[in-house]
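Tertiary structure, described
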Amino acid sequence: MENSSHNTSFILSAYGGTGWIRYFCFTITLILYVGIIVANSFLIAVISVERTLHEPMYLFLCALSANELYGSTALFPSLLVNILSDVQEISKVNCFIQIFCLHTYGSIEFSNLAVMSYDRYVSICYPLDYNRIMTLDKACVFLIFIWFFSMVRFAITLTLSVRLPLCGNIIEKVYCDNYSIVKLACTDTTVNNIYGLFTLFLSVGLHLLLIFYSYTEILRICLNSPRQSQIKAFNTCITHIVSLVNFSVGCLLEVIQSRLNMSHIPSEVRVALSLYFLIFPPLLNPIIYGLRITTIRTTFKKLRFKL
């Protein structure tokens, strides 16, 4: 296969539809993007202006929304442009920037959800010591570390991918991702694969251990508590569990459609599976938290009446 590393762009081949279908997809995508921006920006604004919400739990939630704005902005503008374009082409530089942003979004999101599970564990299992264990300063340190570690870790992954000589420039998706670049490589990718497995353990395995430990301890405490305390703990954790499951399912769908041969599945379905973790968590999380958490709902009503 001919080495095409001299190419300065990639073709995103998963786009389809002409005529009115193209404009229909553009309209739906634009509505989703505006909805994500409005919902997450409003949640950040509510938490920022209300001093009673300046607590670690809400700081993590605010960071979650900020990350979802970051990930959505890495995807939707290019998605909107490409839907209306006759040729869906992206420069190498922009492709690698998009890869960096989307992958760090995923890593930061899962890390944030893992830290939020630890926060719920401390809140339920050590309620009297919560304010001492989980301070705002510690929460800020956690968040800074999450963003810094995720970006440094994936910068190494991306560096390994950028150096690969490529034997093609067609990516069978609607956006750029690291695995698609590695599949185009003309040379041995053992180093990339080994480092990929190592970072997978760091970014998924360790987080799953923290989440599993946190909820195992919460369950143990709840089983030995009166029913009223069990209900309170359930109400405290349910929004986080829904967010965690929603994002995890989206990531699993993306891995399945990327790694397995799904040529027998309609291309529209494959595109939807690959976009799930980039659309539904950013859209649903602020709505779920806004509706379920009483303090946020109450603050929203107060602000609405002031306006």
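Up top is the structure these notes are about.
Residues numbered from 1 in each chain as written. Predicted model: local features only at pLDDT ≥ 70, side-chain atom pairs only at ≥ 80, totals over all residues. Heavy atoms only, no water.

Looking at the overall build of the protein chain
In plain terms, the rule: The secondary structure listing takes helices from DSSP runs of H or I that are at least 4 residues long and strands from runs of E that are at least 2 residues long, numbered from the N terminus. In this treatment the radius of gyration is a C-alpha quantity, and the globule benchmark scales as 2.2 Å times the residue count to the 0.38 power. Buried residues are those whose accessible area, probed at 1.4 Å on protein chains only, stays under 20% of the maximum for their type, while exposed residues exceed 50% and partly exposed ones sit between those limits. We call two residues in contact when some of their heavy atoms are within 4.5 Å. Here the open area of atoms and residues is found with the Shrake-Rupley method and a 1.4 Å probe, where only the protein chains shown may cover a residue. In this tally, Lys and Arg are treated as positive and Asp and Glu as negative; His is ignored, and so are the chain termini. Each charge is placed at NZ for Lys, CZ for Arg, CG for Asp and CD for Glu.
When helices and strands are tallied, the protein chain shows 10 helices and 3 strands. Along the chain direction, N to C, the helices and strands of the protein chain fall in the order β-α-α-β-α-α-α-β-α-α-α-α-α. The C-alpha radius of gyration of the protein chain comes to 21 Å, within 12% of the 19 Å expected for a compact globule of 307 residues. In terms of overall dimensions, the protein chain has C-alpha extents of about 65 × 45 × 35 Å along its principal axes. Within the protein chain, the fraction of its 307 residues that count as buried is 46%. Partitioning the contacts of the protein chain with sequence separation of at least 6, the portion at a separation of at least 24 is 81%. Accessible surface for the protein chain amounts to roughly 16200 Å². Of this, 69% is attributable to carbon and sulfur atoms. The protein chain carries 21 positive and 16 negative side-chain charges, and their two centres are separated by 11 Å.

As for the packing of aromatic side chains
This is how it is decided: Aromatic pairing here means that ring centres of Phe, Tyr or Trp (its six-membered ring) are within 6.5 Å. Orientation follows from the plane angle: under 30 degrees is stacked, over 60 is edge-to-face, and everything else is tilted.
Throughout the structure, instances matching the rule amount to 15 aromatic pairs. Aromatic side chains Phe 100 and Phe 154 sit 6.2 Å apart centroid to centroid with 50 degrees between the ring planes, which places their arrangement in the tilted category. Within this pair, whereas Phe 100 is found in helix α3 (residues 92-125), its partner Phe 154 is found in helix α5 (residues 136-162), the two being separated by 54 residues in sequence. On the accessibility criterion, Phe 100 (21% relative accessible area) is partly exposed.

Points about the side chain of Asn 67
As a reminder of what qualifies: Pairing of N or O atoms within 3.5 Å defines a polar contact, subject to two protein rules: one partner must be a possible hydrogen donor and the other a possible acceptor, and residues neighboring in sequence count only if both atoms are side-chain atoms.
The residue Asn 67 is located in helix α2 (residues 56-84) in this model. Looking at Asn 67, the relative accessible area reads 0%, which means it is buried. A polar side-chain atom of Asn 67 sits 3.1 Å from the main-chain carbonyl oxygen of Tyr 105. For Asn 67, the side chain forms a polar contact with the side chain of Glu 109, separated by 2.9 Å. Contact partners of Asn 67, with chain neighbours within four places excluded, come to Tyr 105, Ile 108, Glu 109 and Trp 147.

Section: the state of the cysteines
To keep things clear, this is the line we draw: Note that a disulfide, as used here, is simply two cysteine sulfur atoms within 2.5 Å.
In this structure the tally under the stated criterion is 2 disulfides. Across the disulfide from Cys 95 sits Cys 176; the S-S distance is 2.1 Å. Taking the torsion about the S-S bond as the criterion, the Cys 95 to Cys 176 disulfide, at about -125 degrees, is left-handed. Taken together, the residues span a long stretch of sequence, with Cys 95 in helix α3 and Cys 176 in the loop between β3 (170-171) and α6 (178-183) at a distance of 81 residues. Given the relative accessible area of 0%, Cys 95 is considered buried. Between Cys 167 and Cys 186 runs a disulfide, and the two sulfur atoms are separated by 1.4 Å. Sign of the S-S torsion, about 135 degrees for the bond between Cys 167 and Cys 186, identifies this disulfide as right-handed. Separated by 19 residues along the polypeptide, Cys 167 in the loop between α5 and β3 and Cys 186 in the loop between α6 and α7 (190-223) bring together distant segments of the chain.

As for the sheet that holds strand β1 (residues 9-12)
To keep things clear, this is the line we draw: Two strands are counted as paired when DSSP detects at least two bridges linking them. Working convention: axes come from line fits to C-alpha atoms, limited for helices to the stretch in contact. Angles between N-to-C directions cover 0 to 180 degrees.
One open sheet holds the 3 strands; their spatial order is β2-β1-β3, and the pairing between them is mixed. With partners counted over all chains shown, the strands left at the sheet margins are β2 (89-91) and β3, one partner each. Relative to β2, β1 runs antiparallel, the two being bridged by 3 bridges. Bridge pairing links Phe 10 to Ile 90 in β2. The strands touched by α3 within the sheet are β1, β2 and β3, with β2 carrying the most contacts at an inclination of about 85 degrees.

Brief notes about the packing of α3 against α5
Stated precisely, the cut-off is as follows: Less than a right angle of anticlockwise turn of the near helix away from the far helix marks a crossing as left-handed, whereas a clockwise turn marks it as right-handed. Only Asp, Glu, Lys and Arg are considered charged in this grouping, and only Ala, Val, Leu, Ile, Met, Phe, Trp, Tyr, Cys and Pro are considered nonpolar; every other residue, Gly among them, is considered polar.
Where α3 contacts α5, the two axes come as close as 9 Å, and the packing angle between them is 145 degrees. Crossing angle aside, the handedness with which α3 passes α5 is right-handed. When α3 is examined against α5, the residues Phe 96, Ile 99, Phe 100, His 103, Thr 104, Ser 107, Ile 108, Ser 111, Asn 112 and Val 115 are found in contact with a partner set consisting of Phe 142, Leu 143, Ile 146, Trp 147, Ser 150, Met 151, Arg 153, Phe 154, Ala 155, Leu 158 and Val 162. A per-class count over the contact of α3 with α5 returns 14 nonpolar, 6 polar and 1 charged.

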